[in-house]
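# Summary of structural features
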Amino acid sequence: MTITVYVPQDSSAISVGADQVAAKLAKLDDVEIVRNGSRGLFWLEPMVEVETDLGRVAYGPVGVGDIDSLVEQDLLKGEQEHPLSLGLTEEIPFLKKQQRLTFKRAGIIDPTDLVSYQTHGGYVGLKRAITMTSQECVDEVKESGLRGRGGAAFPTGIKWQTVHDAPGKKKYIVCNADEGDSGTYADRLQMEADPFGLIEGMTIAAIAVGADKGYIYLREEYPHAHLRLNEAIEKALAANLLGDNILGSGHNFDLEVRLGAKSYICGEETALLESLEGKRGVVRAKPPLPALEGLFGKPTVVNNVLSLSTISIIFEAGAKAYADFGMGRSRGTMPFQLAGNLNQCGLVELAFGVSLNELLNDFGGGSASDKPLRAVQCGGPLGTYLPESQWGIEMDYETLAGTGGVLGHGGIVAFDSSVDMSAQARFSMEFCAEESCGKCTPCRIGATRGAETIDKIRANRDRHANIALLESLCKTMEGGSLCAMGGMTPFPVKSALEHFSEDFYKEPVSSSNAGQTTYQSSGSTTEISIDSIKKAGTSS
């Protein structure tokens, strides 16, 4: 009897040896290897699963050197006594407590097996959409309450309605897959684990607004996602699920992947459109909105990977079934991404309303360093830093906004008590200075002056005056910047000043090379340099 063994081909699993594990397991007799996507339990990768009569049994993290002992102790029979055994996959607490909708197929199917995708509910939504009018499709999205998962949280159905109503025969669907926020990886995981979900969602969007061409603007640093997407597109074309006269419906939709420009600002929708047109990625002034004058001046839907991938789920289950999850104006589920100093970093999909404390402790397992957690940044590098007093907050758009915070793409980065929050504030300004498109003065110049001012504060040079100057500069950037890059850079800076002010009042004990100062803190010294600040920020 042939035993099915699943080994992830997600890039996170590959980075820790999944290909080598799969190759060795493939040499065993009566074994069929299926390269599935990751389930998002990254601290357990490579997580190997064995199909049994009771369901899949998981082992992890499995290295090549573990395979012999696993086989000796009946890995292929689903033996659960081995030290690496995790039991039935669906019973792993991290997974069992989730409410997976968008990611319901992640880790379960071979990402580019079209038959497996359809067996697990794939293309039910598209087949339903082609029986509906375009306005009915738009209304379905409105009723679901889906909002953009890329950061701004704009109601998806309203955006679609605008494009639907815009005059002109040529319209576009653009997927923003240029995932660049620190601590985020949900887009990558979705594209590597369930690419047909994104393709189906974009096809439904095209039917809803009358578009016949789509682009996936993919982060250049995602080669595995690039391969999976192109393979899935080819199979969808061959099955008449893309291209001309889709499933005999009379609808046409062509889709292609374009690689990004390695620029954080190209995650902003208008800079993305400029880049997609072959131009330098700089922010456009609004109005006109991309929904009216977007790609090549035509009405364009621009949504991110999670938003578009969720469309297939909404049309499969119905708008009401999706809207039954969540709270207030935040409907459905959110894929939260745990990163930073946590024991269990991974993807957690839950209905809006879960507390940050639950995510950090029940799912994240608390601090990985055994030092107490001190700060959490939500919403990427431009999100606020939340102190422990705010970790009981419910994770939804309005509640976070009420504290001055942002949910953004759902990234959550945890820092322990060793973090220097004045260094993190400086990193925010430096990050903006390096990634700004340079079009507007408040962002281009303000971020540079901001980093310089924080340097002066940290060096105790007219500290009080410079703190007042920094606060004034933040106000100017917020109100005067052309886009959210400059407008949101003050968020982490101001939250660090408000909640962790003691880090801005440390006394420098020496000053040596330019750009490097040693600070006294809690009985120890910490060397802070531009390079170390970059590393601290990007490793988050």
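Source: prediction; values computed, not measured. (Residues numbered from 1 in each chain as written. Predicted model: local features only at pLDDT ≥ 70, side-chain atom pairs only at ≥ 80, totals over all residues. Heavy atoms only, no water.)

Okay, helix H15 (residues 356-363) next. Regarding H15, the residues found buried are Leu356, Leu359, Leu360 and Phe363. The arc enclosing the buried residues of H15, seen along the axis, measures out at 120°, which places them on a common side. Against the buried residues of H15 lie helix H4 (93-96), strand S12 (333-340), strand S13 (347-351), strand S14 (373-378), strand S15 (385-387) and strand S16 (411-416). Looking at the residues trailing H15, positive phi occurs at Gly365, about 75°. (Buried < 20%, exposed > 50% of the residue type's maximum accessible area, 1.4 Å probe, protein only. Helix = DSSP H or I, 4+ residues; strand = E, 2+ residues; numbered from the N terminus. Arc of directions from axis to C-beta. Contact = heavy atoms within 4.5 Å.)

The assigned domain composition of the protein chain is domain 1 (3-96), domain 2 (114-323), domain 3 (326-416) and domain 4 (421-539). In this complex, domain 3 contributes 14 residues to the contact, which on the side of domain 4 involves 16 residues. Carbon and sulfur atoms supply 68% of the area buried between domain 3 and domain 4, which totals about 1300 Å² over both sides. Broken down residue by residue, the surface that domain 3 buries against domain 4 is led by Arg374, Leu382 and Tyr385, which jointly contribute 56%. For the pair domain 3 and domain 4, the number of links is 2 salt bridges. Across the salt bridge formed by Arg374 and Glu502, the nearest N and O atoms sit 2.8 Å from each other. (Domains from an automatic or database assignment. Buried area = accessible area lost by both parts, 1.4 Å probe. Salt bridge = Lys/Arg side-chain N within 4 Å of Asp/Glu carboxyl O.)

With that settled, consider the pattern of salt bridges. Taken as a whole, this structure holds 37 salt bridges when the rule is applied. In this structure, Glu256 and Arg258 form a salt bridge, with 2.9 Å as the shortest nitrogen-oxygen distance. A residue is classified by how much of its surface remains accessible, and Glu256, at 26% relative accessible area, is partly exposed. With a shortest N-O distance of 3.6 Å, Glu430 and Arg426 are connected by a salt bridge. Within this pair, Glu430 and its partner Arg426 are both found in helix H17 (residues 421-435), separated by 4 residues, close to a single helical turn. For the pair Glu430 and Arg426, one class covers both residues: buried. If you follow the salt bridges from partner to partner, you end up with Arg39, Glu49, Glu51, Arg56 and Glu90 in one network.

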